[in-house]
Amino acid sequence: GTSKQKTRANLNCDFFAHLGIIIGRTPCSSHCLMMDDHWYGGYSLGEAMLQFEISAALQYSGTTSSSSSEMLTLSPSVPMAVSSSKALLAKLLGDLASYSQLPVLSEKVLMIPHPKKGQTLQDVFANKTEWMLLDRSLISFTGTECDKVGTSFTAFRYQAAGCKRAPQVCLFNQLRDILQADQARIAAGRVPLYLVSQYTYGLESQLKAFTGGPLSFVLPVTGIRSSLVLLEAQADSISFITNVSPGRIIGELFGR
């Protein structure tokens, strides 16, 4: 009954402090796991795909002063475009290899916070300062593992020798802990490990669907890439203009 060890139970087992022991009662304790008020939604990410747009401007010039123009836009999801007059066809054939590689996110889970009190969903999507990309190894998808995002009451309740462990054991490495650690890194002038702001344009990321496809996590990346574009044009109305002018030699100079 004199032990000051800080454990979950930490019961005072002194005989005279608990006279109820005489009638068969034994000291006991209850342990509570409380969920954080701030919840997140987790999104599994697939293989990354580069998405960009290339614009090709087509201008028609007639024999008179009249002219018209048209813009064709190509992208990996829309690799071919035809002008309204059917005079020009543009195809995106592919890209040349680049020295800079795309970030590998297929083993990560995108964590987006739910709106807090007084916030709307639009507020959450407008402010990405708390969006995180976590390795799957940091997450318990069954809730039965301690010290991981997603730890449930099951892991807490059935942890071995739980009563002899210190308070908060089994509940470390939660989203709040990871967020606060990254915010401390930013305050110290260091790059965060999990916030999307670790990337140059991470705060400009968004969720978007391309041409009716699945919802995608769009992360802007920097770099120089080269693409091959094929242009096919109708030659019926193409004119070749040659300007010829007479010339006259007015002097000569020879070097010695």
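Everything in this summary refers to the structure shown in the same document. Bear in mind the structure is a predicted one, so any value in this text is a computation, not a measurement. (Residues numbered from 1 in each chain as written. Predicted model: local features only at pLDDT ≥ 70, side-chain atom pairs only at ≥ 80, totals over all residues. Heavy atoms only, no water.)

Moving on: the pattern of salt bridges. Oppositely charged side chains can form a pair if their charged atoms are brought close together. Taken as a whole and judged by the stated rule, the model has four salt bridges. With a shortest N-O distance of 3.6 Å, Lys-116 and Glu-130 are connected by a salt bridge. Of this pair, Lys-116 sits in the loop between β6 (108-113) and α1 (121-126) while Glu-130 sits in the loop between α1 and β7 (132-135), and the two are 14 residues apart along the sequence. Judged by relative accessible area, Lys-116 falls into the partly exposed class, the value being 39%. (Salt bridge = Lys/Arg side-chain N within 4 Å of Asp/Glu carboxyl O. Helix = DSSP H or I, 4+ residues; strand = E, 2+ residues; numbered from the N terminus. Buried < 20%, exposed > 50% of the residue type's maximum accessible area, 1.4 Å probe, protein only.)

Moving on, we come to the state of the cysteines. Summed over the entire model, instances satisfying the criterion amount to one disulfide. Disulfide pairing places Cys-146 opposite Cys-170 at an S-S distance of 2.0 Å. Classification of the bridge connecting Cys-146 and Cys-170 rests on its S-S torsion, roughly -80 degrees, and on that basis the disulfide is left-handed. Of the two residues, Cys-146 sits in the loop between β7 and α2 (153-157) while Cys-170 sits in the loop between α2 and α3 (175-187), which places them 24 residues apart along the sequence. Take Cys-146: its relative accessible area is 22%, and that puts it in the partly exposed class. (Disulfide = S-S within 2.5 Å.)

Under the definition given, this model contains two aromatic pairs. An angle of 85 degrees between the planes, with centres 5.8 Å apart, marks the rings of Phe-125 and Trp-131 as edge-to-face. With a relative accessible area of 29%, Phe-125 lands in the partly exposed category. Residues Phe-153 and Phe-156 carry aromatic rings whose centres are separated by 6.2 Å and whose planes lie at 45 degrees to one another, so their mutual orientation is tilted. Of this pair, Phe-153 and Phe-156 both sit in helix α2, separated by three residues, roughly a single helical turn. Looking at Phe-156, the relative accessible area reads 6%, which means it is buried. Looking at Lys-128, its charged tip hangs above the ring of Trp-131, at a distance of 5.8 Å from the centre. (Phe/Tyr/Trp six-rings, centres within 6.5 Å; stacked < 30°, edge-to-face > 60°. Lys NZ or Arg CZ within 6 Å of the ring centre and 35° of its normal.)

One open sheet holds the three strands; their spatial order is β1-β6-β7, and the pairing between them is antiparallel. The sheet is open, and its two edges are formed by β1 (40-44) and β7, each paired on a single side. Between one strand and the next, the sheet's axes are offset by a mean angle of 30 degrees, whatever the strand orientation. In the sheet, β6 pairs with β7 via four bridges, with the strands oriented antiparallel. Each bridged residue has a counterpart across the sheet, and for Val-109 the counterpart in β7 is Leu-134. (Pairing = 2+ DSSP bridges. Axes fitted to C-alpha atoms, helices over the stretch in contact; angles between N-to-C directions.)

Attention shifts here to the nonpolar core. Formed by Tyr-40, Val-109, Met-111, Met-132, Leu-134, Ile-139, Val-149, Leu-175, Ile-178, Leu-179, Tyr-194 and Leu-195, the largest nonpolar core amounts to 12 residues. Counting only elements with at least two residues in this core, the list comes to β6, β7 and α3. Examining the composition of this core, we find that three residues originate from one element, α3, more than from any other. The contact partners of Val-109, leaving out residues within four places of it in the chain, are Gly-42, Tyr-43, Ser-44, Met-132, Leu-133, Leu-134, Arg-136, Ile-139 and Phe-141. Counting residues in hydrophobic clusters, the runner-up holds 10 residues, among them Leu-45, Leu-105, Leu-110 and Ile-112. (Core = buried A, V, L, I, M, F, W, Y, C linked by side-chain atoms within 4.5 Å. Contact = heavy atoms within 4.5 Å.)

Strand pairing in a sheet is mediated by backbone hydrogen bonds. Such pairs are either parallel or antiparallel. The sheet built from three strands is open, its strands ordered β4-β5-β10 with antiparallel pairing. At either margin of the open sheet sits one strand with a lone partner, and together these are β4 (80-82) and β10 (227-233). Put simply, the sheet's adjacent strands are angled 15 degrees from each other on average, direction ignored.

By the secondary structure assignment, Ser-205 is in the loop between α3 and β8 (206-209). For Ser-205, the residues in contact, after removing those within four places along its chain, are Lys-128, Trp-131, Val-196, Phe-217, Val-218, Leu-219 and Pro-220.

What follows covers the environment of Lys-128. For Lys-128, the position within the fold is in the loop between α1 and β7. Note: C-alpha distance between Lys-128 and Ser-205 (77 residues apart in sequence) is 7.7 Å. A polar side-chain atom of Lys-128 sits 2.6 Å from the main-chain carbonyl oxygen of Phe-125. (Polar contact = N/O pair within 3.5 Å; in protein donor to acceptor, adjacent residues only side chain to side chain.)

If you check α3, its first and last C-alpha atoms are 18 Å apart, about what 13 residues at 1.5 Å a residue would give, namely 18 Å. For α3, the secondary structure elements touched by its buried residues are β1, β6 and β7. Positive phi appears at Gly-189, one or two residues downstream of α3, with a value of about 80 degrees. (Expected span 1.5 Å × (residues − 1).)

Phi is mostly negative for residues that are not glycine, and the peptide bonds are mostly trans. Even without being a glycine, Asp-147 presents a positive backbone phi close to 55 degrees. Mapped onto the secondary structure, Asp-147 falls in the loop between β7 and α2. Look at Cys-170: it is not a glycine, yet its phi comes out positive at around 90 degrees.

Shape descriptors only; they carry no functional weight alone.
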